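Here is how the chains run, residue by residue.
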Amino acid sequence: MLVKQNVSAYIYSPIRFDKTQKCCDWDEKPHGGNDLMTKKFPDTFLWGCATSAYQIEGAPFADGKGASIWDRFVNTPGLVNNGDTGHIACDHYNRFREDVALMKQLGMQAYRFSLSWARILPNGIGEVNPLGVKFYSDLIDECLRNDIEPIVTLYHWDMPAALDDLGGWLNRDCANWFAEYAEVVFKAYDGRVKKWATLNEPWVVTDGGYLHGALAPGHRNKYEAPIASHNIMRAHGAAVKVYRRVGKHEIGLVVNIEPKYPASDKAEDLAATKRAHAYMNEQYLHPAMLGHYPAEMTDIFDDAWPVWPQEDYDLICQKIDFLGVNYYTRSVTRYEPYANSDVTEVVGGVAFHKAPSWPLRATRVIQRGATYTETGWEVFEQGLFDTLNWVKNTYGDIPLYITENGAAFFDPPRANAGRVRDPLRTDYLQRHLTAISNAIAAGVNVKGYMVWSFMDNLEWSLGFSKRFGIVHVDFETLERTPKDSARYYSKVIATNGEVLSEPL
Ligand code: BGC
């Protein structure tokens, strides 16, 4: 039976999505029962996994690498949980061959990773570091030797510190810096890399890095955030322009989308939901795909939102070949007056951390009875279905890749006799893969799926406390152990999605 899906109207529909109200049949049949689940994925569907440089590589100063803003951030006391750092992380820099071999063993067809800008150009611009170029060249070759397609992201949050000294994303020159770096790596690898992404999640870069300060470079400034957002998108546009000159394959942008559902039909909740949606979901896709910002930006940032010259929009709005969508959760949103500090709300005996409502005047409502991951994110696969349809309906029928999707649930620090049982993560994957299969059946052009993450890694300012991997990492011995979720995912890949509906 094809279930009734609430497709594109979710942003504005005054529906209360909580577990007391049925919003779709998946609530009743989470593991199966929906005919669409037996539908295979397209033959060309690309199955893979994702990581990012700072979270896994370690070796922060090996072979001539320059410092990045994360090398600084983790060395500032109090900013990262438990004082954890990426100095070793998963030691992927030295173990990448072993990691690629494990990917191969699990059946991965693609590996999405990011380049450390400061490995390639230690000062961000100017002198190129041949050993940095060689590291990624070797990694790409290793992938290709194992029939794994490398998908390369240029920027996953680790700006060279030397450029941060010049203002980082606040400096309008950053578009030229990024274009210079992009040209170096396109020329070095484009013969072998056929899918590129300019940025990973510009929203997180600016919300975490310039507005709320939880991530490097740790600023908290309402006046800086719009400038950083705008400039990073100018950098995206500049890199795409370079690619059209020197590259031959495909380039796209990776954004994180979190659908916003109003908590009630009160006017103030609906307005708060629109602001939250514009801020997180439209702020980057609108200029990149439509050439303008959503109207709500001035309502959110007030006098801190500048008037931008038309030439900037022309630069940002370049034709791209695909969009990467990172999806983790949704937010049921209600109005909340300004609160300029983090909020902790206890619901059902569990403490939920919430970002400050400044300057959005919106907050998320914790859903009683829902499953939450260890990062406090509600498991809500319908949101992925809605997101994919919303992207298609709003920005056109551009090819989409799920470039990240996954969950942090508690796993022990050590594998137990070579096994890690992680049924909640497997369940999360099954639900979200089902949502994707349903979206494909509904006509959305989803071309691939990269699970986040290949292995447990440094979860930014949360340190090693949250494990997202389908492969377990023992951070004392650095031993890798595929979790049960990896075995499940491996079967999904081997059958091109046929085992999705198997009972866990
Ligand atoms: C980021 C990853 C991060 C993951 C889980 C995404 O926002 O791209 O680097 O580890 O979410 O928080």
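Here, every reference points to the structure presented above.
Starting from 1, residues in each chain are numbered consecutively following that chain's sequence as written. It should be noted that, the model being predicted, local features are given only for residues of pLDDT at least 70 and side-chain atom pairs only at 80 or more, the latter also being counted only at that level, while totals for whole chains, interfaces and linings use all residues. Side-chain figures throughout are based on the complete set of non-hydrogen atoms in the structure, without hydrogens or water.

Visitor: So what's going on with the overall build of the chain? Residues and values would help.
Guide: The secondary structure listing takes helices from DSSP runs of H or I that are at least 4 residues long and strands from runs of E that are at least 2 residues long, numbered from the N terminus. Along its length, the chain carries 15 helices and 15 strands. Taking 23 Å as the expected radius of gyration for a compact globule of 504 residues, we find that the chain reaches 21 Å, a close match to that expectation. For the exposure calls, accessible area comes from a 1.4 Å probe over protein chains only, and a residue counts as buried if that area is under 20% of its type's maximum, exposed if over 50%, partly exposed in between. Sorting the 504 residues of the chain into buried and exposed places 65% on the buried side. By the convention used here, residues are in contact when the closest approach between their heavy atoms is within 4.5 Å. A separation of at least 24 residues holds for 77% of the contacts in the chain among residues at least 6 apart in sequence. Values of accessible area rely on a 1.4 Å probe in the Shrake-Rupley scheme; residue burial ignores everything except the protein chains shown. Working note: accessible area of the chain is about 18,200 Å², and carbon and sulfur atoms make up 52% of it. The sign given to each residue is positive for Lys and Arg and negative for Asp and Glu; His and the chain ends receive no count. To locate a charge, the coordinates of NZ of Lys, CZ of Arg, CG of Asp or CD of Glu are taken. Distance from the positive charge centre (52 side chains) to the negative charge centre (63 side chains) of the chain: 3 Å. For the radius of gyration, the atom set is restricted to C-alpha positions; the globular benchmark scales as 2.2 Å times the number of residues to the power 0.38.

Visitor: Before we move on, can you summarise helix H14 (residues 423–441) with the specific residues and values?
Guide: Take the residue count of a helix, subtract one, and multiply by 1.5 Å to get its expected span. Taking 1.5 Å per residue as the helical rise, H14 with its 19 residues ought to reach 27 Å, and the 27 Å between its terminal C-alpha atoms agrees with that figure. In the stretch just after H14, glycine 443 is the one whose phi turns positive, near 105°.

Visitor: For the packing of aromatic side chains, give the residues involved together with the corresponding values.
Guide: Centres within 6.5 Å are what make two rings of Phe, Tyr or Trp a pair, Trp counting through its six-membered ring; a difference in plane orientation under 30 degrees is then read as stacked, over 60 as edge-to-face, and the rest as tilted. Summed over all chains, the structure comprises 39 aromatic pairs. Here the aromatic rings of tryptophan 203 and tyrosine 279 are separated by 5.8 Å at their centres, their planes lie at 75°, and the arrangement is edge-to-face. Of this pair, tryptophan 203 sits in helix H8 (residues 202–211) while tyrosine 279 sits in helix H10 (residues 267–290); the two residues are 76 residues apart in sequence, bridging distant segments of the chain. Both residues of the pair, tryptophan 203 and tyrosine 279, belong to the buried class. One aromatic cluster is present, formed by Trp203, Tyr279, Tyr293, Phe301, Trp305, Trp308 and Tyr313 through successive ring pairs. Note on criteria: charge over ring means Lys NZ or Arg CZ within 6 Å of the ring centre, with the direction from the centre no more than 35 degrees off the ring normal. Here the basic side chain of arginine 330 rests over the ring of tyrosine 261, its NZ or CZ set 5.3 Å away from the ring centre. The ring of phenylalanine 380 is capped by arginine 330, whose NZ or CZ atom sits 3.7 Å from the centre of that ring.

Visitor: If you had to explain the side chain of serine 453 to someone new, which residues and values would you point to?
Guide: Here serine 453 shows up in the loop between strand S13 (446–452) and strand S14 (471–473). A relative accessible area of 0% places serine 453 in the buried class. For this analysis, a polar contact is any N or O atom pair within 3.5 Å, provided that within protein one partner can donate a hydrogen and the other can accept it, and provided that sequence-adjacent residues contribute only side-chain to side-chain pairs. Within the local environment of serine 453, its side chain forms a polar contact with the side chain of asparagine 457, the two groups lying 3.2 Å apart. Other than its neighbours up to four places away in sequence, serine 453 contacts Ala50, Thr51, Phe468, Gly469 and Ile470.

Visitor: Give me the lowdown on the site of the ligand, citing residues and values where you can.
Guide: All residues adjacent to the ligand are Gln55, His156, Trp157, Asn200, Glu201, Tyr328, Trp377, Glu404, Trp452, Glu459, Trp460 and Phe468. Interatomic distance of 2.9 Å between a side-chain N/O atom of asparagine 200 and an oxygen atom of the ligand. Here an oxygen atom of the ligand sits 2.5 Å away from a polar atom, N or O, in the side chain of glutamate 201. Relative to its unbound accessible surface of 310 Å², the ligand loses 94% to contact with the protein. Classifying every residue of the shell around the ligand gives 6 nonpolar, 3 polar and 3 charged. For this description, a residue counts as near a given molecule or strand if any of its non-hydrogen atoms is within 4 Å of it. Each residue gets one label: Ala, Val, Leu, Ile, Met, Phe, Trp, Tyr, Cys and Pro are nonpolar, Asp, Glu, Lys and Arg are charged, and the others, such as Gly, are polar.

Visitor: Could you give an account of the sheet that holds strand S11 (residues 362–364), naming the residues involved and the relevant values?
Guide: One open sheet accounts for 3 strands, arranged S6-S8-S11; its pairing is mixed. Across the chains shown, the open sheet's two edge strands, defined by having one partner strand only, are strand S6 (260–262) and S11. For this sheet, the mean angle separating the axes of adjacent strands, direction not counted, is 45°. Alignment of strand S8 (residues 331–335) against S11, held across 3 bridges, turns out to be antiparallel. Looking across to S11, one finds that threonine 333 is bridged to arginine 364. The pairing criterion is simple: DSSP has to find at least two bridges between the two strands. Here, axes are lines fitted to C-alpha atoms. For helices the fit covers the stretch in contact, and angles between N-to-C directions go from 0 to 180 degrees.

It is worth stressing that arrangement in space is one thing and function is another; only the former is reported here.
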